[in-house]
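Residues per chain are reported as follows:
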Amino acid sequence: MTLAHDTTGDGPALVLLHSAVCDRRMWDPQWPTLADSGYRVVRCDFRGFGETPLPDHRHNDADDVLTLLDTLGIDQATLIASSYGGQVALELAARHPDRVNAMALLCSGLPGHQPTDELRAFGEREDELLEAGDVAGAVELNVDTWLGPDADDSAREKVRGMQRQAFDIQLAAPDGAGRNKTDFDLATIKSPGLAVSGGHDLPDFRHIAAHLPSLLPHTRHVELPWAGHLPNLERPTAVTTLLTDFLHETFPTH
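Residues numbered from 1 in each chain as written. Predicted model: local features only at pLDDT ≥ 70, side-chain atom pairs only at ≥ 80, totals over all residues. Heavy atoms only, no water.

*Asks:* How do you make sense of the pattern of salt bridges when you look at a structure like this?
*Replies:* Two side chains bearing opposite charge may form a pair once their charged atoms approach each other closely. Taken as a whole and assessed by the stated rule, the structure comprises 20 salt bridges. Its salt-bridge partner being Arg 160, residue Glu 140 comes within 2.5 Å of it at the nearest N-O pair. Residue Glu 140 is located in helix α5 (residues 135-146), and its partner Arg 160 is located in helix α6 (residues 153-171); the two are separated by 20 residues in the primary sequence. Judged by its relative accessible area of 28%, Glu 140 falls in the partly exposed class. Linked by salt bridges that have partners in common, Asp 6, Arg 24, Asp 28, Arg 43, Asp 45, Glu 51 and Lys 158 make up one network. (Salt bridge = Lys/Arg side-chain N within 4 Å of Asp/Glu carboxyl O. Helix = DSSP H or I, 4+ residues; strand = E, 2+ residues; numbered from the N terminus. Buried < 20%, exposed > 50% of the residue type's maximum accessible area, 1.4 Å probe, protein only.)

*Asks:* Got a minute to help me understand the sheet that holds strand β8 (residues 193-198) in this structure?
*Replies:* What holds strands together in a sheet is hydrogen bonding between their backbones, with the strands either parallel or antiparallel. Pairing in this open sheet of 7 strands is mixed, and the strands run β1-β3-β2-β5-β6-β8-β9 from one edge to the other. With partners counted over all chains shown, the strands left at the sheet margins are β1 (5-8) and β9 (219-224), one partner each. On average, each strand axis in the sheet is tilted by 15° relative to the strand beside it, whichever way the strands run. Strand direction decides the pairing type here: β1 and strand β3 (residues 40-44), joined by 4 bridges, are antiparallel. Across the sheet, residue Thr 8 finds its bridge partner in β3, namely Val 41. Its contacts with the sheet put helix α2 (residues 61-71) on β1, β2 (13-17), β3 and β5 (77-82), and the angle it makes with β2 is roughly 150°. (Pairing = 2+ DSSP bridges. Axes fitted to C-alpha atoms, helices over the stretch in contact; angles between N-to-C directions. Contact = heavy atoms within 4.5 Å.)

*Asks:* What exactly am I supposed to notice about the nonpolar core here?
*Replies:* Proteins that are soluble and globular tend to have nonpolar side chains buried together. With 83 residues, the main nonpolar core has Leu 17, Ile 80, Leu 90, Met 103 and Val 159 as its most contacted residues. Of the residues forming this core, the biggest block, 7 residues, is contributed by helix α3 (residues 84-95). Beyond its immediate stretch of four places on either side in the chain, Leu 17 contacts Trp 27, Cys 44, Phe 46, Val 65, Ile 80, Ala 81, Ser 82, Gly 85, Val 88 and Ala 89. (Core = buried A, V, L, I, M, F, W, Y, C linked by side-chain atoms within 4.5 Å.)

*Asks:* Honestly, the environment of Leu 247 in this entry has me stumped. Any pointers?
*Replies:* Structurally, the position occupied by Leu 247 is in helix α9 (residues 236-250). In sequence terms Leu 247 and Ser 82 are 165 residues apart; their C-alpha atoms lie 16 Å from each other.

*Asks:* Explain the packing of α5 against α6 to me, please; I cannot follow it from the model alone.
*Replies:* Packed helix pairs are characterised by how far apart their axes lie and by the angle those axes make with each other. Where α5 meets α6, the closest approach of the two axes is 9 Å, and the angle between their N-to-C directions is 135°. Considering the angle they form, α5 stands oblique to α6. For α5 against α6, the interelement crossing comes out right-handed. Residue-level inspection shows Val 135, Ala 136, Ala 138, Val 139, Glu 140, Asn 142, Val 143 and Asp 144 of α5 in contact with α6, the latter providing Arg 156, Val 159, Arg 160, Gln 163, Arg 164, Phe 167 and Leu 171. Looking at the contact of α5 with α6 residue by residue, the classes come out as 8 nonpolar, 2 polar and 5 charged. (Parallel < 35°, antiparallel > 145°, perpendicular 65-115°, else oblique. Left-handed = near helix turned anticlockwise from the far one by under 90°. Nonpolar A, V, L, I, M, F, W, Y, C, P; charged D, E, K, R; others polar.)

*Asks:* Is there a simple way to explain the environment of Arg 220 in this structure?
*Replies:* The residue Arg 220 is located in strand β9 in this model. You can call Arg 220 partly exposed: its relative accessible area is 38%. Residues Arg 220 and Pro 192, 28 residues apart in the sequence, show an inter-C-alpha distance of 8.4 Å. Dropping the residues within four chain positions of it, Arg 220 is found in contact with Gly 193, Leu 194, Ala 195, Pro 213, Phe 246 and Glu 249. At 3.4 Å, the side chain of Arg 220 and the side chain of Glu 249 are in polar contact. (Polar contact = N/O pair within 3.5 Å; in protein donor to acceptor, adjacent residues only side chain to side chain.)

*Asks:* Would you mind going over the environment of Arg 156 with me for this structure?
*Replies:* For Arg 156, the position within the fold is in helix α6. For the pair Arg 156 and Asp 70, spaced 86 residues apart in the sequence, the C-alpha separation amounts to 35 Å. With residues near it in sequence (within four places) discarded, Arg 156 still touches Val 143, Asp 144, Leu 147 and Ala 151.

*Asks:* How should the packing of aromatic side chains be read in this particular structure?
*Replies:* Two aromatic rings, taken as a pair, are described by how far apart their centres are and by the angle between their planes. Counted under the stated rule, the structure contains 3 aromatic pairs. Here Trp 146 and Phe 205 contribute two aromatic rings whose centre-to-centre distance is 5.8 Å and whose plane-to-plane angle is 80°, an arrangement assigned as edge-to-face. Placement of the pair is Trp 146 in helix α5 and Phe 205 in helix α7 (residues 203-215), with a sequence separation of 59 residues. Comparing Trp 146 with Phe 205, the two get one shared label, buried. (Phe/Tyr/Trp six-rings, centres within 6.5 Å; stacked < 30°, edge-to-face > 60°.)

*Asks:* What is the right way to read the layout of surface pockets from this model?
*Replies:* In this approach a probe as big as a water molecule rolls over the atoms, and the regions it shows empty are the leftover space. Taken as a whole, the largest pocket encloses approximately 1400 Å³ of empty space. In terms of lining, the largest pocket is formed by 47 residues, of which the most central are Ala 20, Tyr 84, Gln 87, Arg 179 and Lys 181. At the level of secondary structure, the elements contributing two or more residues to the lining of the largest pocket comprise α2, α3, α4 (117-131), α5, α6, β7 (178-179) and α7. In terms of residue count, α4 provides more of the lining of the largest pocket than any other element does, 7 residues in total. Grouping the constituent residues of the lining of the largest pocket by class yields 20 nonpolar, 16 polar and 11 charged. (1 Å grid on protein atoms, 1.4 Å probe; cavity = no way out; pocket = protein on both sides within 12 Å on 5 of 7 lines; lining within 4 Å. Points joined across faces, edges and corners; volume = space filled by probe spheres on them.)

Pasting the structure below:
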């Protein structure tokens, strides 16, 4: 099965990977500008999000993205990824370093990260609400946790809709659905990268972003003091500029 996806533009390939709170629609603010900047832009929904259903067997999201690249005839791509999408990007770049030429990671997850008490408490509260059948409450918990103070009502409503759809899909998951974990070594990643953190995000993701340059020597860290966990939806123009500047420095189209 090919992941639900959109493509637009011409030029070097960019692949946008969404967070686990959202789906590919989270990139709506960046989508047209990146294409207009001279890139071929692809965004996709992981299984269990947006328009991609969950199968009745286990899957691996990095393998799914690689299959999508092969289907679209993309030999190399720059990955722009948010949160859980960043974790998928790191796995893809580590297992297939020849397929990834650069990465921009927004508040990325990290394979093997041990959650803080704060993140663990969030997960426990989310589980309690879902087990009680309070899906709306679980949605609001995610909206309140992951969006920073600069997010306006439209951003909050957008995340609310994406998270609700993801819950609806995942709560109806068929027997046997789930993710397969694969071992890999981040030391194989040689491509340049940008690790972005938000000053209002949970400490887990701030620590990961600050730590990534020690794991990936060609990666630099930038903290956005105003941002929560989803900065591209909180201040879209500022993050679009940050991304296009990184792309033009790292992999210019001209």
